[in-house]
Amino acid sequence: MNAPIPAAALTDPTVEPAPDAMLTVRIRRGDGFQAFTVARRSAQTILDVVTEIQREQDPTLAYRFACRVGMCGSCAMMVNGRPRWTCRTRVAAVAEEDGLTLEPLRNLPVVKDLAVDMEPFFEKWTAAHGAFEPGDAPPEDFAVVAPDSPERRAVDAGIECINCGVCYAACDVVAWNPDYLGPAALNRAWTLVNDVRDQGQAARLKAVSGDAGCQSCHTHMSCTEHCPKALAPTFAIAGLKRATARSALKRFGSRHFRRSA
Amino acid sequence: MSPLLYVAQRGTAVILAVAVAVHLGTILYAVRGGLTAGEILGRTQGNLAFLVFYGVFVVAAAIHAPIGLRSILREWTSWRGRSLDGAMLGVAALLLVLGLRAALAVYVA
């Protein structure tokens, strides 16, 4: 039987676990859960726990990771029902009384156990025109961008995305409408909308509009709440709503009121 | 929804916020003193300001509600495409006709 974890250790990451403390970890595997017991260790992360289970107890357990330092965005999964980057999440900060429940990221097809197929996520990144469009003659498009200009600041606010998929898993609109582009792709589009060098703005604004686009966001702010890099995709999406509305009104005006001009 | 529908819904929301507040305030004020239906109709009859206010209210509601209903139906059911858009145009027309008919009836009563 597991030794109980001291209550303080559940919330305070600085508290050292007792030497004999154990942790019950329930991991979703296919349709059901499999329980494992792992020793509590100092400064232990969720990724440490999964790696220990795979190396010491069940080598068939599938999960994904690469850098282990919060840069690559590979290791996200659902921890006690919330999407988190597991390499930077300490057990002591998130374990509940009976331990941990680990599941694959929500809103994405499962490959096996804790590994999901990220392809739909990146397809939407492409669909939202998430790549820089340099135009036909890039050297002639050269622009001096002042670091403190409002556009550059808006880009800075969203540029550190690591494509971990946490926001995508947290988003209820993605769960209701599988076509919805999702917070990460829209956040990326917003950084490019604010790039004065980019030559593909009209097509991008069209791509992020409509029933799969920014107008479908309910402003629940789950993406902003869960983003491990503390980005705010909700505000990026609000910016896209303004930009697409301005562009549509301009098009509407020139079509209906300036025909003779 | 398209950006134009989005603008239309947000724009009519601003109108409705004011119109609903005025509408509810007027109801509370009117019934407080124990006005009869006849006395209320006596005040609304031939009152052009009343007709314009409720005309704008009805038009805003007829634009606003079907756009929101369309989003809800798309999220909670599998209904998509032209049949959904057509049905929502029908809802808009229904709200417009019933609302304007009611406002006009009270104006000319």
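Residues numbered from 1 in each chain as written. Chains lettered and ligands numbered in written order. Predicted model: local features only at pLDDT ≥ 70, side-chain atom pairs only at ≥ 80, totals over all residues. Heavy atoms only, no water.

Caption draft 1: Broad picture of a nonpolar patch on the surface. All names here are of chain B. A cluster of nonpolar side chains, contributed by Val59, Ile63, Leu96, Val97 and Leu100, occupies part of the molecular surface with about 360 Å² of accessible area. Broken down by secondary-structure element, the contributors of at least two residues to the nonpolar patch are helix H3 (48-76) and helix H4 (81-108). Element by element, the count of residues in the nonpolar patch is highest for H4, at three residues. You can see Ile63 is positioned in helix H3. (Patch = residues over 30% accessible without salt bridge, like charges linked within 9 Å, V, L, I, M, F, W, Y side chains within 5 Å. Areas by Shrake-Rupley, 256 points an atom, 1.4 Å probe, with all protein chains shown as cover. Salt bridge = Lys/Arg side-chain N within 4 Å of Asp/Glu carboxyl O. Helix = DSSP H or I, 4+ residues; strand = E, 2+ residues; numbered from the N terminus.)

Caption draft 2: View of the sheet that holds strand E5 (residues 100-103) of chain A. Residues and elements named next belong to chain A. One open sheet holds the five strands; their spatial order is E2-E1-E5-E3-E4, and the pairing between them is mixed. Each having just a single partner strand, strand E2 (32-39) and strand E4 (82-85) make up the two edges of the open sheet. Mean inter-strand twist for the sheet, computed between neighbouring axes without regard to direction, equals 35 degrees. Judged from the four bridges that link them, strand E3 (residues 76-79) and E4 form a sheet pairing that is antiparallel. Along E4, the bridge assignment pairs Met78 with Pro83. (Pairing = 2+ DSSP bridges. Axes fitted to C-alpha atoms, helices over the stretch in contact; angles between N-to-C directions.)

Caption draft 3: Focus on the pairing of E5 of chain A. Two strands pair when backbone bridges link them, and strand E1 (residues 22-29) of chain A and E5 of chain A are joined in this way by three bridges, in the parallel orientation. Each bridged residue has a counterpart across the sheet, and for Ile27 of chain A the counterpart in E5 of chain A is Leu102 of chain A.

Caption draft 4: Looking closely at the layout of surface pockets. All names here are of chain B. In this structure, the largest pocket encloses a volume near 470 Å³. In terms of lining residues, the largest pocket is bounded by 21 residues, among which Thr26, Ile40, Thr44, Phe50 and Tyr54 are the most central. It is helix H1 (residues 3-32) that contributes the most residues to the lining of the largest pocket, seven residues altogether. Taken together, the residues of the lining of the largest pocket sort by class into 15 nonpolar, five polar and one charged. (1 Å grid on protein atoms, 1.4 Å probe; cavity = no way out; pocket = protein on both sides within 12 Å on 5 of 7 lines; lining within 4 Å. Points joined across faces, edges and corners; volume = space filled by probe spheres on them. Nonpolar A, V, L, I, M, F, W, Y, C, P; charged D, E, K, R; others polar.)

Caption draft 5: Expanded view of the packing of helix H4 (residues 119-127) of chain A against helix H8 (residues 183-193) of chain A. Residues and elements named next belong to chain A. Their axes nearest at 8 Å, the elements H4 and H8 cross at an angle of 25 degrees. Put simply, H4 runs roughly parallel to H8. Classified by chirality, the crossing of H8 by H4 is right-handed. Taken together, the residues of H8 that come into contact with H4 (itself represented by Phe121, Lys124 and Trp125) are Ala184, Ala185 and Arg188. Tallied by class, residues from the contact of H4 with H8 come to four nonpolar, no polar and two charged. (Parallel < 35°, antiparallel > 145°, perpendicular 65-115°, else oblique. Left-handed = near helix turned anticlockwise from the far one by under 90°. Contact = heavy atoms within 4.5 Å.)

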